[in-house]
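# Overview (structure and organization)
Now for the letters of each chain:
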Amino acid sequence: MTTTQQLHELPAQYDAGQTERGIYERWVEAGIFSADEKRSRRNGGDREPFVIVMPPPNVTSVLHMGHGLNNSVQDVVIRWRRMRGDEALWIPGLDHAGIATQNIIEKQLAAEGKSRDDLGREAFVVRTTEFVERTGGEILQQLRSIGASCDWNRTAYTLSPTLSRAVREAFVQLHERGLIYRGHRVIHWCPRCLTSLSDEEAQHGEEQGQLYHIAYRLADSRGDETLAVATTRPETMLGDVALAVHPDDSRYRHLLGKSAILPISNIRIPIIADEYVDPAFGTGVVKITPAHDANDFEVGTRHKLPTPVIMTPEGTMANGADAEVRVPPDLAGLDRFEARRRIVELLKRSGQLVRAEPHQHGVRHCYRCDTVVEPRLSDQWFVRMEPLAKPALKAVRDGTIRILPERWEAVYVDWLENIRDWNISRQLWWGHRVPVWYCDSCGKQIVSRTDVSACDSCGGPVRQDEDVLDTWFSSWLFPISTLGWPDKSGAALVAFYPTDDLITAPEILFFWVSRMIMAGYAFMDAAPFHTVYLHGTVRDTDHVKMSKSLGNGIDPLDVVNNYGADALRYTVIAGMGMGADLILDHRDLERSFAPGRNFATKLWNIGRFLLTNVGSAPVRSVHELTDKDLSLPDRWILGRLNSTIRECDLALGPARPGKGKWRAEERYSGLRLSEYAEAARRLVWNDIADWYLETTKGRIAPAAGGVDSEVARAVLTHAFDTALRLLHPIMPFITETLWQRLPTPIAAERAEFLAIAEWPVAHPASTEEERATAQFDIVREAVTALRQVRSDYAIPPGKSIDAIIRARENESLFQAHDQLIGRLARASIRVGGKAPAAGAAHVLLADGSEVIIPLGGVVDLTKECGRLRTELEQLEIQLHSLSKRLRNEGFTGRAPASVVEAERRKEEDWLKRREHLTDKVKALCGG
RNA sequence: GGGCGAGUAGCUCAGUUGGUUAGAGCGCCUGCCUUACACGCAGGAUGUCGGGGGUUCGAGUCCCUCCUCGCUCACCA
């Protein structure tokens, strides 16, 4: 392959789309994303497994920036471990997303003027399945386009037959262990989705409402004695079965055992005493509505009160099966909020509304449709959580599992300590059907792993429970079900469980993460992962969470198309402070993503320079080069590579706990992705491109030739090779493209792809390296000073600063220049030396070598070592006599104190100066 | 109401265990198409580190307090 052909492959203008195209397929075809069970050490192989299970995106719609961020982070980690030689496995997946998906299909149907009942359950499921196949396929395609290196052979879907088997197994096992039960109680109900919700799915909100004080007439009382009750939800009063006061409340003790008349319904209800009532709040009298309030239900149970239902599932007023007629005809059928207004009106008219005051109170909303949730009495399936929570709590407490950032551990612990039973049944059609069958003849209830067609006791016909399971009841099994559970001895589960990192957003810490940990212990007796990394949320410039419905979202595919997947990834990774939110401007993609694109362009152009100037013939290996061969810039950049590798390792690792559990000192380190990205960026841009590459220009030019030219080619190639490796996890496409074309040494063992090439290894920093760094820093300082003079005096690029100074064309320039150089090293550096190429800085070093950097003046350090040494010698002499004088009591005794003090200060200054000069001589003159 | 987090350059954010002159990217100003790159190069300006108090030789960093924003949990009707 000739140079021109290669250049032909690297057009002057970097085009992300064209560059990225095709690479992904080559990776997949080569099978490098596929993990092999046999290679896992746990299965007799020779590699450490490293496994990440993807938080499965909902199949409801295509990906948004949150997914872009989440999957970029996961891919960075998994690619890093793959390069480190682990058997890296990233399991991709999709979540059927029960309520969310059903809502979408229902909306589609509504647009067609139909309801789900018009279709019937079976047709509805068929239609939803078709929808899911479309969106699911699209999502997986999107993941590929951002470069996600998943093992696609293991793509999981929560509603697939294999995962459904795991769901049933889990349900049956927990039932057998007495951890799943049928409960009759007040749960959160969404009147729009027409299903029950778990506590987590009913989200808190604050609302400004009214606290209504209502007068209940006392029964059997002469006159119009009343009892005032405060409520925020007057519509529920029709379901009141009692009034409650605190047993110690002396104001009401005389009323205990008596009755009140429920307004509107005109029903007698008892006045009871219960500790639950807070005498200090409102009037100290609480209306008890057991069917429509969780607390009231408990009170009602304690007092064996009836539980009349006065609302339909849709949230309209209606008499339940209760014998008493509570909802009058003119209220029946009204929506709950309309009913509230009407009831308040009725009470006002009858004079029973004492007053209404503004009141801020908590209102729960459906997490899927934001409808105000209605507490509702019903029969649901529950998981008893306390026994499951115990090991999950212990795991975080004893360091088996760590959560990053650290502060979430307290949140996690708090939730588990106050865990409540989990309502897992949903009155939906889309999901895993509850694996319970009922026999209508003998009433038997059968919980079964396999479908049941007839009653096993009486042989009678059976019907399956109509409900489906909470979506999270399938996703909480993800780390085990995707690896083949319940087949505990299967190769995948043995090789890859437990997994390593779980990377997700804090929003689903309770929904998903905590429950996965519980499931891990419940079904595998081991934590599912050792690290939980909770990253920030993607927000817009007003710090509002990005969402499609708010119209402030960014489509990751737009970014990929306009800026490239690498730019997208770089942007989110570089912006990923530990646990910090990522702020992006949805109205100005340029502002958010240009830096990533620009960085990719920078890499591209370094690549072009390298291919043009180093050529395509393999360079010498840097390992063959001796110290004698290396110039100062070479030694410097090799040192920089080494320290950057160390920085990256330090920011990323450790990847796993040293001895099974996290030790305190390592527990909260690692996964500092923005630091890793910044270290790699600095190396490429500030070190390689800005300095090292410039120093090679004169050396590898066609005219140069010789050994030094070869050395420069070898070191530059090696430096860029290393940088590409370090950057590959963040920007896989462009680094792979460039790396494939590098003229790496012929002897070098070279992987087929950068994606599986070895991660660079740092060696301990040597004093040699530190010296090179110190020396080169001085060179840089000198060049910068010269540039500053050029800039301050507007010296045109083509003109040599040296010539101007010699000609004394500009006296003030001469002075300024002199001052600057002076500031660098007093008189130790002077302008001069051999005639420079126009616009280049020649820094002549003590050993006779020179560093040439474009855009500067001329600094000759060669002769300055002598001057430096002379100055140092003179200083030593002066210092010697000064110190002697200060130690002479004749002087200190007779001279005024102020003079002695001044001399002391002078000595201090000179000591510092000596130190400074000594360092400089060491750095410049080699000892 | 409880808990947690944040407030550092115009914007988005870094600032490890308190230690020379507080950093980066973007933006801004000046000059440059210097044969890898104008998606670039060189140079430059910009901070009462939210307010107040304290500890210390020394505080962006530790303590107290107040203010302003978030997030999260909560059965006070």
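Residues numbered from 1 in each chain as written. Chains lettered and ligands numbered in written order. Predicted model: local features only at pLDDT ≥ 70, side-chain atom pairs only at ≥ 80, totals over all residues. Heavy atoms only, no water.

What follows concerns the environment of S198. In this fold, S198 is placed in the loop between β6 (195-197) and β7 (202-218). The exposure class of S198 is buried, given its relative accessible area of 1%. Sequence spacing of S198 and H188 is 10 residues, and the spatial spacing of their C-alpha atoms is 6.8 Å. Those residues in contact with S198, other than ones at most four positions away along the chain, are H188, W422, N423, R426, D470 and R515. (Helix = DSSP H or I, 4+ residues; strand = E, 2+ residues; numbered from the N terminus. Buried < 20%, exposed > 50% of the residue type's maximum accessible area, 1.4 Å probe, protein only. Contact = heavy atoms within 4.5 Å.)

A few words now on the side chain of R82. One can find R82 in helix α4 (residues 65-83). Of the buried charged residues, R82 lacks a salt bridge, with D75 as the closest side chain of opposite charge at 5.3 Å. A polar contact is formed between the side chain of R82 and the backbone oxygen of I32, at a distance of 3.5 Å. Among all residues touching R82, those that are not within four sequence positions of it are I32, F33, A88, S149, A755 and I756. (Lys, Arg positive; Asp, Glu negative; His and termini not counted. Salt bridge = Lys/Arg side-chain N within 4 Å of Asp/Glu carboxyl O. Polar contact = N/O pair within 3.5 Å; in protein donor to acceptor, adjacent residues only side chain to side chain.)

Moving on to the protein's contact with RNA strand B. With respect to spatial proximity, 49 residues lie near RNA strand B, and among them Q13, H204, D278, R591 and T601 are the closest. Close to the protein, within 4 Å, the atoms of RNA strand B belong to sugar or phosphate groups at a rate of 63%. Residue N598 places a side-chain N or O atom 3.0 Å away from a sugar or linking oxygen belonging to RNA strand B. Considering each element in turn, the surface near RNA strand B owes the most residues, 10 residues, to helix α19 (residues 589-613). (Near = heavy atom within 4 Å.)

Between the first and last C-alpha of helix α8 (residues 161-176) there are 22 Å, a value that for 16 residues agrees with the 22 Å anticipated at 1.5 Å per step. Turning to α8, its buried residues are L163, S164, A166, V167, R168, E169, A170, F171, V172, Q173 and L174. G178 sits one or two residues past α8 and shows a positive phi near 75°. (Expected span 1.5 Å × (residues − 1).)

Attention now goes to the confidence of the model for chain A. Should pLDDT be low for a region, the predicted coordinates there are not to be read in detail. With 84% of its residues at a pLDDT of 70 or more, chain A shows a mean pLDDT of 85. At the level of individual helices and strands, chain A shows its lowest average pLDDT in helix α1 (residues 3-9), which scores 45, and its highest in strand β2 (residues 87-91), which scores 98. Across residues 1-8, where pLDDT falls below 50, the model places 10 contacts with residues more than four positions away in sequence or in other chains. Counted against residues more than four places away or in other chains, residues 822-838, with its pLDDT under 50, gives 44 contacts. Here the predicted complex carries an ipTM of 0.94, next to a pTM of 0.88. (pLDDT = per-residue confidence, 0-100.)

Backbone-to-backbone hydrogen bonds join strands into a sheet, with any given pair of strands oriented parallel or antiparallel. With antiparallel pairing, 4 strands are arranged side by side in an open sheet as β6-β5-β14-β16. This sheet does not close on itself; its edge strands, each paired only once, are β6 and β16 (422-423). Sheet analysis places strand β5 (residues 180-190) next to strand β14 (residues 374-383), joined by 10 bridges and oriented antiparallel. Paired with H188 across the two strands is P375, which belongs to β14. (Pairing = 2+ DSSP bridges.)

As a further point, take the nonpolar core. Counting 125 residues, the largest nonpolar core has W27, M65, F593, L603, I730 and M731 as the members making the most contacts within it. Among the elements that line this core, the one with the most residues is helix α22 (residues 673-700), at 13 residues. Once you skip the residues sitting within four places of it in the chain, M65 turns out to touch V538, M546, I554, P556, L568, V572, L584 and F593. If you look at the next biggest cluster of nonpolar residues, it comprises 77 residues, including L89, F171, Y438 and L509. (Core = buried A, V, L, I, M, F, W, Y, C linked by side-chain atoms within 4.5 Å.)

Applying the stated criterion to the full structure yields 23 aromatic pairs. Ring centres 6.1 Å apart and planes at 40° place the aromatic pair Y563 and F593 in the tilted group. Of this pair, Y563 sits in helix α17 (residues 556-563) while F593 sits in helix α19, placing them 30 residues apart in sequence. Y563 sits in the buried class, given a relative accessible area of 8%. (Phe/Tyr/Trp six-rings, centres within 6.5 Å; stacked < 30°, edge-to-face > 60°.)

Inspection of every chain in the model, using the stated rule, returns 60 salt bridges. Taking the shortest distance from any N to any O, the salt bridge between E666 and R663 comes out at 3.0 Å. On the basis of relative accessible area, E666 is assigned to the buried category, the value being 9%. Where salt bridges share partners, they join R81, D86, D500 and R656 into one cluster.

When you line up the elements, W512 lands in helix α16 (residues 509-524). Classification of W512 as buried rests on a relative accessible area of 1%. Separated by 35 residues in the primary sequence, W512 and L477 have C-alpha atoms spaced 9.3 Å apart. Ignoring sequence-local partners within four residues, the contact set of W512 consists of M54, P55, P56, W472, S475, W476, F478, L502 and T504.

Because each turn of an α-helix spans 3.6 residues, side chains separated by three or four positions end up pointing in the same direction. Of all 10 residues in helix α18 (residues 565-574), 9 are buried; the element is thus mostly enclosed. Along α18, the residues that are buried comprise A565, D566, A567, L568, R569, Y570, T571, V572 and I573.

Moving on, we get to unusual backbone geometry. For residues besides glycine, phi is generally negative; the peptide bonds are generally trans as well. The amide bond that connects L404 to the next residue, P405, takes the cis arrangement and shows omega of -10°. With respect to the helices and strands, P405 occurs in the loop between β15 (402-404) and α12 (407-417). For the bond from G653 to P654, the omega torsion is 0°, close enough to zero to count as cis. With respect to the helices and strands, the residue P654 is situated in the loop between α20 (632-652) and α21 (664-667). Unlike most non-glycine residues, A97 shows phi in positive territory, near 50°. Relative to the helices and strands, A97 is located in the loop between β3 (93-94) and α5 (98-111). Residue classification places A97 among the buried residues on the basis of a relative accessible area of 5%. Of note, D525 is a non-glycine position whose phi angle comes to about 60°, a positive value. Here D525 shows up in the loop between α16 and β23 (531-534).

Another point: the side chain of T195. As for its position among the elements, T195 is in strand β6. Under the relative-accessibility criterion, T195 is labelled buried at 0%. Reaching out from T195, the side chain makes a polar contact with the backbone nitrogen of Q427 at a distance of 2.8 Å. Once residues lying within four places of it in the same chain are set aside, the contact partners of T195 are I99, H188, W189, C190, R426, Q427 and L428.

Taken residue by residue, a regular strand's side chains alternate between the two faces of the sheet. Relative to strand β13 (residues 353-366), β7 is paired through 13 bridges, and the arrangement is antiparallel. Bridging from a neighbouring strand, Q210 pairs with P358 of β13. Relative to strand β10 (residues 259-262), β7 runs antiparallel, the two sharing 2 bridges. Bridge pairing in β10 links L218 to A260.

Where burial is concerned, most of β2 is hidden: 5 out of the 5 residues are buried. Every second residue of β2 is oriented toward a common face, with E87, L89 and I91 on one face and A88 and W90 on the other, all of them buried. As paired strands, strand β1 (residues 49-53) and β2 are joined by 5 bridges and run parallel to one another. Among the inter-strand pairings, V51 is bridged to a residue of β2, identified as L89. You can see the chain leave β1, run along α4 and come back into β2, and the turn it takes is right-handed. (Right-handed = clockwise from strand over helix to strand, strands pointing away.)

The next point concerns the sheet that holds strand β19 (residues 445-447). If you trace the 3 strands from one edge of the open sheet to the other, you get β19-β18-β20, paired in antiparallel fashion. In the strand order of this sheet, the two ends are held by β19 and β20 (462-464), each with one partner. Ignoring which end each strand starts from, the neighbouring axes of this sheet average 25° apart. The pairing of strand β18 (residues 436-439) with β19 spans 3 bridges and is antiparallel. Counterpart to W437 in the pairing with β19 is I446. In the packing of α8 onto the sheet, contacts are made with β18, β19 and β20, and the angle to β19 comes to roughly 125°. (Axes fitted to C-alpha atoms, helices over the stretch in contact; angles between N-to-C directions.)

Take the packing of α18 against helix α24 (residues 732-741) next. Each pair of packed helices gets described by two things: the angle between the helix axes and the distance between those axes. Here α18 crosses α24 at 125°, and the two axes come no closer than 7 Å. Judged by the inter-axis angle, α18 sits oblique to α24. Residue-level inspection shows A565, D566 and R569 of α18 in contact with α24, the latter providing P732, F733 and I734. Partitioned by chemical class, the residues of the contact of α18 with α24 number 4 nonpolar, no polar and 2 charged. (Parallel < 35°, antiparallel > 145°, perpendicular 65-115°, else oblique. Nonpolar A, V, L, I, M, F, W, Y, C, P; charged D, E, K, R; others polar.)

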